[in-house]
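Coordinate inspection notes
One-letter residues, chain by chain:
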2 protein chains.
Amino acid sequence: MDREYFMKIALAEAKKAYKLGEIPVGAVVTKDNEVISKSYNKRETRKNAVFHAELDAIYQACEKLGGWRLWECELYVTLEPCPMCAGAIVNAKIPNVYFGAYDTKNGACGSALNVLNMPNNFRPKFEGGILESECSNLIKDFFKNLRK
Amino acid sequence: MDREYFMKIALAEAKKAYKLGEIPVGAVVTKDNEVISKSYNKRETRKNAVFHAELDAIYQACEKLGGWRLWECELYVTLEPCPMCAGAIVNAKIPNVYFGAYDTKNGACGSALNVLNMPNNFRPKFEGGILESECSNLIKDFFKNLRK
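Residues numbered from 1 in each chain as written. Chains lettered and ligands numbered in written order. Predicted model: local features only at pLDDT ≥ 70, side-chain atom pairs only at ≥ 80, totals over all residues. Heavy atoms only, no water.

Examining the sheet that holds strand β2 (residues 34-40) of chain B
Residue and element names in this part refer to chain B. Ordered by their spatial adjacency, 5 strands build an open sheet running β2-β1-β3-β4-β5, and the pairing between neighbours is mixed. Looking at strand neighbours, the two that pair on one side only are β2 and β5 (125-127), the edges of this open sheet. For this sheet the average axis-to-axis angle between neighbouring strands, irrespective of direction, equals 15 degrees. With respect to the sheet, helix α5 (residues 132-147) is in contact with β3 (73-79) and β4 (96-101), its orientation differing from that of β4 by roughly 55 degrees. (Pairing = 2+ DSSP bridges. Helix = DSSP H or I, 4+ residues; strand = E, 2+ residues; numbered from the N terminus. Axes fitted to C-alpha atoms, helices over the stretch in contact; angles between N-to-C directions. Contact = heavy atoms within 4.5 Å.)

Written as structure tokens, this is what we have:
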């Protein structure tokens, strides 16, 4: 299945966040080319620091699949994961991660630091820049409107 | 209030994990020298990768205090936080972190990498080695029994 196909689903999740006044980030966990779980950033709505799109999608995928090891899953997210979410990816042993926009300030897949290549830990493969401009423009647009 | 006082509460949480066959790690979030939330590692019991002691304690503290910013809180944990939990500490803006044992493999407060001093992000203060031998021996004892 095309990576852009699942990134578009993640983008649709990000747009739900946008409508709620949340920083628009969306995530999808897949297995065998099927969506297992999806979520969007709901930190403000849930008033809780852990409700990033990826962490919630990983939580849901574990619940759905009945185990903490997501060995056969892939994760798609519109923004480069932060350390918390990259750490959750490592802890859940998700082998493949695809993200859209890069995050130079807080990105933990190589931009600000790299949580996915710790020498003595599980090291997921990752690829950034999938539908990068759509993912990035959504966030830029959000902050432009916020400043108005 | 004494740091060891709260670390002992975190150790009591870790012992609950031990009894359930979980890697014994416990965490406490405090505010104004009172316990706001506490938790222990329940990854196996909950069959979910996100149920580390610190992440669950942070989740609970946000729920209890009704907001994602834990600016006036402190976190005590028996083992150096992993990247996921250190990232959650940064995301929740917890200014002070105290941990017991160091984790050379997965510790994200300086041992394997440092999530708490990202140049463009919130940088919590942290101190390791609080009741280090008690915290460390509990984990060593757990793995020694596991191998039997």
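There's plenty left to go through after this.
What about the pairing of strand β4 (residues 96-101) of chain A?
Each regular strand displays side chains that alternate between the two surfaces of the sheet. Residues and elements named next belong to chain A. For β4, the tally of buried residues reaches 6 of 6 residues, placing the bulk of the element in the interior. When strand β3 (residues 73-79) meets β4, the two strands line up parallel, connected through 5 bridges. Bridging from a neighbouring strand, Val-77 pairs with Phe-99 of β4. In terms of handedness, the path from β3 via helix α4 (residues 83-91) over to β4 forms a crossover that is right-handed. (Buried < 20%, exposed > 50% of the residue type's maximum accessible area, 1.4 Å probe, protein only. Right-handed = clockwise from strand over helix to strand, strands pointing away.)

What to know about the packing of aromatic side chains
The description of an aromatic ring pair uses the distance of the two centres, along with the angle that the planes make with each other. Using the criterion set out here, one finds 14 aromatic pairs over all chains in the structure. Between Phe-6 of chain B and Tyr-76 of chain B, the aromatic rings sit 5.2 Å apart at their centres with planes inclined by 40 degrees, giving tilted as the arrangement. Here Phe-6 of chain B is found in helix α1 (residues 3-19), whereas its partner Tyr-76 of chain B is found in strand β3, with 70 residues between them in sequence. Each member of the pair, Phe-6 of chain B as well as Tyr-76 of chain B, carries the same accessibility label: buried. Here Phe-99 of chain B and Tyr-102 of chain B contribute two aromatic rings whose centre-to-centre distance is 5.1 Å and whose plane-to-plane angle is 80 degrees, an arrangement assigned as edge-to-face. Members of the aromatic cluster, each reached through a chain of ring pairs, are Tyr-5, Phe-6, Tyr-76 and Tyr-98 of chain A. Lying across the ring of Tyr-40 of chain A, Lys-42 of chain A places its NZ or CZ 4.4 Å from the centre. If you follow Arg-43 of chain A out to its NZ or CZ, it ends over the ring of Trp-68 of chain B, 3.7 Å from the centre. (Phe/Tyr/Trp six-rings, centres within 6.5 Å; stacked < 30°, edge-to-face > 60°. Lys NZ or Arg CZ within 6 Å of the ring centre and 35° of its normal.)

Notes on the interface of chain B and chain A
Contacts between the two partners involve 33 residues from chain B, matched on the other side by 33 residues from chain A. Between chain B and chain A lies a buried interface of about 2,800 Å² when both sides are counted; carbon and sulfur atoms form 60% of it. Along the contact surface separating chain B from chain A lie 0 salt bridges. The tally of links between chain B and chain A comes to 10 residue pairs in polar contact (both at pLDDT 80 or more). Taken together, the residues of the side of chain B that touches chain A sort by class into 17 nonpolar, 10 polar and 6 charged. (Buried area = accessible area lost by both parts, 1.4 Å probe. Salt bridge = Lys/Arg side-chain N within 4 Å of Asp/Glu carboxyl O. Polar contact = N/O pair within 3.5 Å; in protein donor to acceptor, adjacent residues only side chain to side chain. Nonpolar A, V, L, I, M, F, W, Y, C, P; charged D, E, K, R; others polar.)

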